[in-house]
Amino acid sequence: MMETKRFIVSLGCFVLVLFGTVAYAENIPVKNKWREELGERSLSSCPSLIKEGSTLFILSDRVLDNLSIAITTEDGQQICLELTDVTVDMEYVLPVDMLPVGNYYITVMQGMNYVIGYFHVN
C-alpha cells in the first residue's frame, strides 16, 4: 500500500516536471548592421532582443530614439509596426501571446542601422 502511494506521488511529480511550462529568457538570434561610432551622439549601441515566455523585450545600454519596430511572418506579411524610443533604465515590452503559432522576424531599425531577430511562438 505504501509503495503504491509512493509510486503514484513519484509519477505525479514526473508528469508535472515533464509537462510543466517553464518561462525562461532566451536571447533571440540576430543579424545586424548596427554601427557604433565613438564621438557621435546620434548613433547608439546595438539593442538586445530577448524573448521570455510570450513577451519580447528590447534592451539597450543607451537611449535609442526614433526606433521602428516591425514583426513579420516568415513569408513577409507584416503583423505589427511600432514607432518608439527605448531608454536605458526600462526595456521596451512587446507581448506576442496573441500571434498565431509560427515563426516570426522582428526588425528594430534606427536610421540606416537595423537588427533582425528570429523567434517562434508556440
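Above this text is the structure in question.
Basis of the calculations
- Residues numbered from 1 in each chain as written.
- Predicted model: local features only at pLDDT ≥ 70, side-chain atom pairs only at ≥ 80, totals over all residues.
- Heavy atoms only, no water.
- Helix = DSSP H or I, 4+ residues; strand = E, 2+ residues; numbered from the N terminus.
- Buried < 20%, exposed > 50% of the residue type's maximum accessible area, 1.4 Å probe, protein only.
- Contact = heavy atoms within 4.5 Å.
- Areas by Shrake-Rupley, 256 points an atom, 1.4 Å probe, with all protein chains shown as cover.
- Core = buried A, V, L, I, M, F, W, Y, C linked by side-chain atoms within 4.5 Å.
- Phe/Tyr/Trp six-rings, centres within 6.5 Å; stacked < 30°, edge-to-face > 60°.
- Pairing = 2+ DSSP bridges.

Chemist: So what exactly am I meant to see when it comes to the overall build of the protein chain here?
Modeler: For the protein chain, the count of helices and strands is one helix and nine strands. For the protein chain, the α and β elements follow one another from N to C terminus as α-β-β-β-β-β-β-β-β-β. Split into buried and exposed, the 122 residues of the protein chain put 30% on the buried side. For the protein chain, long-range pairs separated by at least 24 residues make up 51% of all intrachain contacts whose partners lie at least 6 apart in sequence. Accessible surface computed for the protein chain: about 8500 Å², of which carbon and sulfur atoms make up 59%.

Chemist: Honestly, the nonpolar core in this entry has me stumped. Any pointers?
Modeler: As a rule of thumb, soluble globular proteins bury nonpolar side chains together. In terms of nonpolar packing, the biggest core is built from 19 residues, with L56, I58, I71, L94, I106 and F119 touching the most fellow members. Of all elements in the fold, only β4 (55–59), β5 (64–73), β7 (92–95), β8 (102–110) and β9 (113–121) reach the threshold of two or more residues within this core. The greatest single-element share of this core, amounting to four residues, is contributed by β5. Those residues in contact with L94, other than ones at most four positions away along the chain, are S54, T55, L56, I58, I69, I71, E82 and I106.

Chemist: So what exactly am I meant to see when it comes to the packing of aromatic side chains here?
Modeler: Geometrically, a pair of aromatic rings is defined through the distance of the ring centres and the angle of the planes. Under the counting rule described, the total for this entry stands at two aromatic pairs. Considering the side-chain rings of Y104 and F119, the 5.7 Å spacing of their centres and the 25° angle between planes classify their relative orientation as stacked. Residue Y104 is found in strand β8, and its partner F119 is found in strand β9; the two are separated by 15 residues along the sequence. Pair check on accessibility: Y104 and F119 agree, each one buried.

Chemist: I keep staring at the pairing of strand β6 (residues 78–86) and nothing clicks. Help me out?
Modeler: Consecutive side chains of a regular strand alternate in pointing toward one face of the sheet and then the other. Sheet topology note: the β5/β6 ladder contains seven bridges and is antiparallel. Following the sheet pairing, S68 is matched in β6 by L83. Counting the residues between successive antiparallel strands, the hairpin from β5 to β6 contains four residues, one of them, G76, with a positive phi of roughly 95°.

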